[in-house]
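Residue-level structural notes
Okay, here's what each chain looks like letter by letter:
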Amino acid sequence: MTVAVIGGGISGLAAAWTLSGHGHDVVVLEAAPVIGGKLRVAPVAGVPVDVGAEAMLARRPEGLELVEALGLRTIEPLTTAAALRAGGALHRLPARTMLGIPSDVAAVRESGALTEHALARIAAEPDQPPMPPVTADLSVGSLVRSRLGNEVADRLVEPLLGGVYAGRADRLSVQATMPALYAALGPGGSLVEAAAQVVSRPSASGPVFASLPGGLGSLPVALAASARFEVRTAVTVRSIRRDGAGFVLSCGAAPMPYDLRADAVIVATPAAKTARLLADVAPVAAAELAEVESASMAIVTFAFRDIALPAGSGLLVGLGEGLSVKGVTISSQKWPLESGGLTLLRASVGRIGEAQVLHRRDDDLIALARHDLSTLLGITAAPEDAIVTRWGGGLPQYGVGHVPRIARVRAAVAEVPGLAVCGAAFDGLGIPACIASAGLAASRLGE
């Protein structure tokens, strides 16, 4: 079977790897001049650093299994201890929370991130009138604010969810972003006790996160270098149409388009692009995916010399702190990098609804990040180097109703023989989730 995979990010490349391993003739078509999607390594002061995703969950098997199949090795973080900026000061990130939802008032008290009023509300929540059974999806923000108040939502939950989705708690789905908690809340009852139930479950031993020597951006390169499938970059696919039992893809620039034929197609692009490509072959799926919002963000990566920073992997910033930077990763303290004595760190800027800050020029974004780094970490030294990496529309938003929406998308696509979809908009933003999504798409085509 000849399979065209549209999209050369980790989802598309993982799907191509799986299908080619089962003897199919696979070509990956990527519109950008390079593959990798949101996995990318760039030199900063001569040191290669991830400027996209920089860690993958090691408690899920899909990423580690793919790394092992490629003959690569993983590295572990040197530290995962992180700080939280809340109430105008840095605090230790509270332990034993479910993406910021407390399961243990003592752990939150120890961090110092909340006022006594908020701590008292957490302590009292299990004794309040119980929540009714949760039978429909709801936003994380509405859930947390109703049971624990605005301070918990803004200081704890917003920075955790913002760090993952670049989204807002008041718009993100409990069912999609915290499925285990959503299930635990099914009978109703206490939010704190449901969070404790999830947090206390046994988990696999070993590190929570992993990366690769040279950065996670080396994973797409290794997949393409396997030569198990063909990769064509700078190829824009404009439309897909049925042609008998197969498909015809219209490719190339509008003045000089050309057709590419395939027996089967996997679309592994962001939701908005996938919606446009499915418009003719799966219009119901296209309409559903067109409703999935996305957030844009930028990562400003710095190299400093001769600065002193607090121990730890970085920090997150709570809502209402008056800062544009929403998180900082101190890469040279988090990972075993050969940094030549430099301090390397990444500042994340932008959430959904904050596109205006990303309209600034690179030098203005660098100046903005430097201002916030001075406030957050006391860094006043000039950097040895700084680069800006922009991820326009890079993070799909898992809004209320996302899970049934994706089920409807897959049901509509299943009605078209030889067609499958995968990517970060479906089952999770993390690398293992994207690889799992690719596996489902490959199995849909019979592997």
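This text goes with the structure placed above it.
For clarity, every value in this text was computed on a predicted model and none was experimentally measured.

Conventions adopted
Residues numbered from 1 in each chain as written. Predicted model: local features only at pLDDT ≥ 70, side-chain atom pairs only at ≥ 80, totals over all residues. Heavy atoms only, no water. Salt bridge = Lys/Arg side-chain N within 4 Å of Asp/Glu carboxyl O. Buried < 20%, exposed > 50% of the residue type's maximum accessible area, 1.4 Å probe, protein only. Patch = residues over 30% accessible without salt bridge, like charges linked within 9 Å, V, L, I, M, F, W, Y side chains within 5 Å. Areas by Shrake-Rupley, 256 points an atom, 1.4 Å probe, with all protein chains shown as cover. Helix = DSSP H or I, 4+ residues; strand = E, 2+ residues; numbered from the N terminus. Pairing = 2+ DSSP bridges. Axes fitted to C-alpha atoms, helices over the stretch in contact; angles between N-to-C directions. Contact = heavy atoms within 4.5 Å. Parallel < 35°, antiparallel > 145°, perpendicular 65-115°, else oblique. Left-handed = near helix turned anticlockwise from the far one by under 90°. Core = buried A, V, L, I, M, F, W, Y, C linked by side-chain atoms within 4.5 Å. Phe/Tyr/Trp six-rings, centres within 6.5 Å; stacked < 30°, edge-to-face > 60°. Lys NZ or Arg CZ within 6 Å of the ring centre and 35° of its normal. Expected span 1.5 Å × (residues − 1).

**Notes on the pattern of salt bridges**
Note on pairing: side chains with opposite charge can pair once their charged atoms come close. This model, assessed by the stated rule, comprises 23 salt bridges. Note that Arg96 and Asp104 form a salt bridge whose closest N and O atoms lie 2.9 Å from each other. Judged by its relative accessible area of 23%, Asp104 is partly exposed. Two residues, Arg232 and Glu230, come together in a salt bridge whose shortest N-O distance is 2.8 Å. Connected through shared salt-bridge partners, Arg145, Asp154 and Asp170 make up one network.

**What about a nonpolar patch on the surface?**
Together, Leu57, Val208 and Phe209 line one region of the surface with nonpolar side chains, adding up to about 200 Å² of accessible area. Within the secondary structure, Leu57 is located in strand β5 (residues 56–57).

**Thoughts on the sheet that holds strand β2 (residues 25–29)**
Spatial ordering of the open sheet is given by β11-β2-β1-β15-β21, a layout of five strands whose pairing is parallel. Only two strands of the sheet have a single partner each, and these edge strands are β11 (230–232) and β21 (419–421). Shown here is a sheet whose adjacent strand axes are inclined to one another by a mean of 20°, direction ignored. Bridge count between strand β1 (residues 2–6) and strand β15 (residues 264–267): four bridges; the pairing is parallel. Across the sheet, the residue bridging to Val5 is Ile266, located in β15. Each of β1, β2 and β15 is contacted by helix α1 (residues 10–21), which is oriented at about 170° to β2, the strand it contacts most.

**Some words on the packing of α1 against helix α18 (residues 431–444)**
The N-to-C vectors of α1 and α18 enclose an angle of 45°; their axes lie 8 Å apart at closest approach. Classified by the interaxial angle, the pair formed by α1 and α18 is oblique. Crossing of α1 over α18 shows right-handed handedness. Listed contacts from α18 to Ile10, Ser11, Ala14, Ala15, Thr18 and Leu19 of α1 are Ile431, Cys434, Ile435, Ala438 and Ala442.

**Topic: the nonpolar core**
One finds Ile101, Val144, Leu181 and Leu191 to be the most contacted residues of the largest nonpolar core, which totals 47 residues. Ranked by the residues each element gives to this core, the list is headed by helix α6 (residues 150–165), at seven residues. Setting aside residues no more than four positions away along its own chain, Ile101 makes contact with Arg96, Val144, Leu148, Val157, Met178, Leu181, Leu191 and Ala195. With 35 residues, the next largest nonpolar core counts Val3, Val5, Leu66 and Ala268 among its residues.

**Some thoughts on the sheet that holds strand β14 (residues 258–262)**
An order of β12-β13-β14 is seen for the three strands of this open sheet, with the pairing classed as antiparallel. Both outer strands of the open sheet, β12 (237–243) and β14, are each paired with one neighbouring strand and no more. With direction set aside, neighbouring strand axes in the sheet form an average angle of 25°. In this structure, β12 lies alongside strand β13 (residues 246–251), joined through six bridges in antiparallel fashion. Counterpart to Arg241 in the pairing with β13 is Val248.

**Description of the packing of aromatic side chains**
If you walk through the whole model with that rule in mind, you get two aromatic pairs. Seen from their ring centres, Tyr165 and Tyr398 are 5.6 Å apart, and the 50° between their planes marks the pair as tilted. In this pair, Tyr165 is assigned in helix α6 and Tyr398 in the loop between β20 (385–396) and α16 (402–414), connecting sequence segments 233 residues apart. Both residues of the pair, Tyr165 and Tyr398, belong to the buried class. Each ring, one from Phe302 and one from Phe304, has its centre 5.4 Å from the other, and the planes form 20°; the classification is stacked. Assessed through its relative accessible area of 0%, Phe302 is described here as buried. Given the relative accessible area of 1%, Phe304 is considered buried. The ring of Trp17 has Arg228 sitting right over it, with the charged end atom 3.5 Å from the ring centre. A cation over an aromatic ring shows up here: Lys334 above the ring of Phe209, its NZ or CZ 5.9 Å from the ring centre.

**Description of α1**
Between the first and last C-alpha of α1 there are 16 Å, a value that for 12 residues agrees with the 16 Å anticipated at 1.5 Å per step. The element α1 is largely enclosed, with a buried count of 10 among its 12 residues. Residues Ile10, Ser11, Gly12, Leu13, Ala14, Ala15, Ala16, Trp17, Leu19 and Ser20 constitute the buried set of α1. Looking one or two places after α1, you find Gly23, whose phi comes out positive at around 90°.

**Considering the environment of Ser331**
With respect to the element layout, Ser331 can be found in helix α13 (residues 331–334). For the pair formed by Ser331 and Leu78, sequence separation is 253 residues and the distance between their alpha carbons is 9.9 Å. Other than its neighbours up to four places away in sequence, Ser331 contacts Val49, Leu337, Leu344, Leu345 and Arg346.

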